[in-house]
Amino acid sequence: MQVPFNDLYAQYQSIQPEIDAAIAAVIRESAFVRGRFVEQFEQDFAQAIGVDHCISCANGTDALYIAIRALGLEPGDEVITTAHTWISTAETITQAGGRVVFCDTELDSFLIDSTQIEAKITSRTRGIIPVHLYGQPADMDEILAIARKYNLWVIEDCAQAHLAEYKGQKVGTIGNAGTFSFYPGKNLGAMGDAGAIVTNNPKLAEWMALFARHGGKGNHQIEGINSRMDGLQAAILGVKLPYLKQWTEKRQAIAHHYDLELADVPGIQTPHRKGDRTHVYHLYVIKSDHRDDLKEYLSELNIQTVINYPLALPNCQAYQYLKPDHVRNSSTWFPCVTINQQEILSLPIFPEIGDLATQYVANSIDVFCQR
Ligand SMILES: *Cc1c(COP(=O)(O)O)cnc(C)c1O
């Protein structure tokens with residue numbers, strides 16, 4: 001048996017007639033850039049999230065960059081974000097003229113440790129970017145309380161958490177703005193790059209739409225950038241959006257199955273779930289002291305796994321400039337992410353995977369651990 005990490009073709013096959021028709025319609029109308037498919041998707045996505053405004057853009061990285069620019073940074077301003085995320089979250093802070101300030105995570109949930117944020121605040125701090133990593137919402141109440149106390153903005157990086165809820169509220173609607181990626185492998189994936197920003201603030205929405213589209217047409221009001229979702233991606237996403245809820249429930253059922261099967265396997269820690277929020281399982285990440293051997297063993301059995309991510313950002317070459325002189329090794333600098341980067345392993349999870357495959361994955365892990 002072969003178990004791929006993800007199978008995008010299986011998802012396409014499950015809705016092929018609708019996708020093919022949507023693509024044909026875009027071509028027939030030559031609605032390649034902007035146009036009715038993009039406008040329709042912006043409306044539909046805003047409604048699905050329960051938010052007033054959705055601004056589509058080229059990808060999830062641009063979504064972050066546009067949102068940070070909209071909320072505003074002066075050179076030298078600092079933004080606090082998690083040390084355990086995809087680099088987009090941090091690199092866009094620098095691109096927008098800010099300084100990245102990493103915060104360590106909780107050892108078990110992989111989420112930004114909200115109890116460590118306040119100690120990172122200086123007179124230059126302007127914002128916080130929590131990431132709802134792997135599909136589980138960050139501690140939004142604690143983060144918003146800090147933001148209010150110090151007058152900071154909050155951008156939620158929702159790239160891995162479409163439809164996840166924190167205390168009954170959809171992520172992306174809790175901070176000043178929420179950013180989404182529709183990269184093909186995300187829970188809602190295009191057939192190319194795409195992204196969006198959501199907000200309930202009309203002024204912010206207006207500025208972001210203007211900035212993403214060259215500052216308008218004719219008498220350009222500001223200098224902007226060119227970041228747009230193309231019509232094909234919008235039409236494809238429009239077909240997929242109505243399925244997102246059932247696909248998410250499928251992911252949750254698969255995760256539940258893994259949880260049960262792996263609960264008593266020695267040496268394996270299943271994902272920690274916080275009780276007051278939903279987890280949409282973009283990734284199902286276990287921890288093992290023998291991670292590299294386990295990964296190798298599964299690979300020999302044709303089970304594909306991934307490490308998200310092999311090096312926490314503060315330990316990457318790109319961020320060595322942040323390391324103070326007195327810190328000799330990373331294990332004392334960001335201890336939790338440094339431990340976790342050695343133990344995490346993402347198992348195959350996607351709506352079409354099927355019980356046979358997940359059973360095979362769980363059994364194989366069990367056999368490895370009982371050896
Ligand atoms: C995927 C991802 C992004 C970036 O999205 P792209 O569409 O690939 O640019 C940003 N943040 C996180 C946490 C992601 O997982």
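Anyway, here's the lowdown on the structure attached to this text. (Residues numbered from 1 in each chain as written. Predicted model: local features only at pLDDT ≥ 70, side-chain atom pairs only at ≥ 80, totals over all residues. Heavy atoms only, no water.)

### Let's talk about the site of the ligand
- Close to the ligand lie 13 residues; G60, T61, Q160, S181 and K186 are nearest.
- Contact distances for the ligand include 2.8 Å between a nitrogen atom and a side-chain N or O atom of D157.
- A distance of 2.7 Å separates an oxygen atom of the ligand from a polar atom in the side chain of S181.
- The fraction of the free accessible surface of the ligand (380 Å²) that becomes covered by protein chains is 92%.
- Going through the elements one at a time, α4 (60-71) and α5 (88-95) are the ones with two or more residues in the shell around the ligand.
- Taken together, the residues of the shell around the ligand break down into three nonpolar, eight polar and two charged. (Near = heavy atom within 4 Å. Polar contact = N/O pair within 3.5 Å; in protein donor to acceptor, adjacent residues only side chain to side chain. Areas by Shrake-Rupley, 256 points an atom, 1.4 Å probe, with all protein chains shown as cover. Helix = DSSP H or I, 4+ residues; strand = E, 2+ residues; numbered from the N terminus. Nonpolar A, V, L, I, M, F, W, Y, C, P; charged D, E, K, R; others polar.)

### So, the nonpolar core
- Grouped together as the largest cluster of nonpolar side chains are 37 residues, with contacts concentrated most on F41, F45, F182, L188 and L237.
- Residue assignment for this core shows that the elements contributing at least two residues are α2 (16-29), α3 (36-49), β9 (195-199), α8 (231-240) and α9 (244-262).
- Element by element, the count of residues in this core is highest for α3, at six residues.
- Once residues lying within four places of it in the same chain are set aside, the contact partners of L237 are F41, F182, L188, G189, A190, A194 and M229.
- F110, I254, A255 and Y284 belong to the second-largest nonpolar core, a separate cluster that totals 35 residues. (Core = buried A, V, L, I, M, F, W, Y, C linked by side-chain atoms within 4.5 Å. Buried < 20%, exposed > 50% of the residue type's maximum accessible area, 1.4 Å probe, protein only. Contact = heavy atoms within 4.5 Å.)

### Some details on the pairing of strand β8 (residues 177-181)
- Most of β8 is tucked away, with five of its five residues classed as buried.
- Of the two faces of β8, the one lined by A177, T179 and S181 and the one lined by G178 and F180 are each fully buried.
- As paired strands, strand β5 (residues 153-157) and β8 are joined by three bridges and run parallel to one another. Bridge pairing in β8 links I155 to A177. (Pairing = 2+ DSSP bridges.)

### Overview of the sheet that holds β8
- One open sheet holds the seven strands; their spatial order is β1-β9-β8-β5-β4-β2-β3, and the pairing between them is mixed. Each edge of the open sheet is held by one strand with a lone partner, namely β1 (53-57) and β3 (99-103). Sheet twist, expressed as the average angle between the axes of neighbouring strands with direction ignored, equals 25°.
- The sheet strands contacting α4 are β1, β4 (125-129), β5, β8 and β9, and the helix crosses β5 at an angle near 175°. (Axes fitted to C-alpha atoms, helices over the stretch in contact; angles between N-to-C directions.)

### As for the packing of α4 against α5
- Where α4 meets α5, the axes come as close as 9 Å, and the angle between the chain directions of the two elements is 40°. Classified by the interaxial angle, the pair formed by α4 and α5 is oblique. By crossing handedness, the relation of α4 to α5 is classed as right-handed. For the pair α4 and α5, contact is made by T61, L64, Y65 and I68 and by S88, T89, E91, T92, I93 and Q95, respectively. (Parallel < 35°, antiparallel > 145°, perpendicular 65-115°, else oblique. Left-handed = near helix turned anticlockwise from the far one by under 90°.)

By themselves, these figures tell us nothing about what the structure is for.
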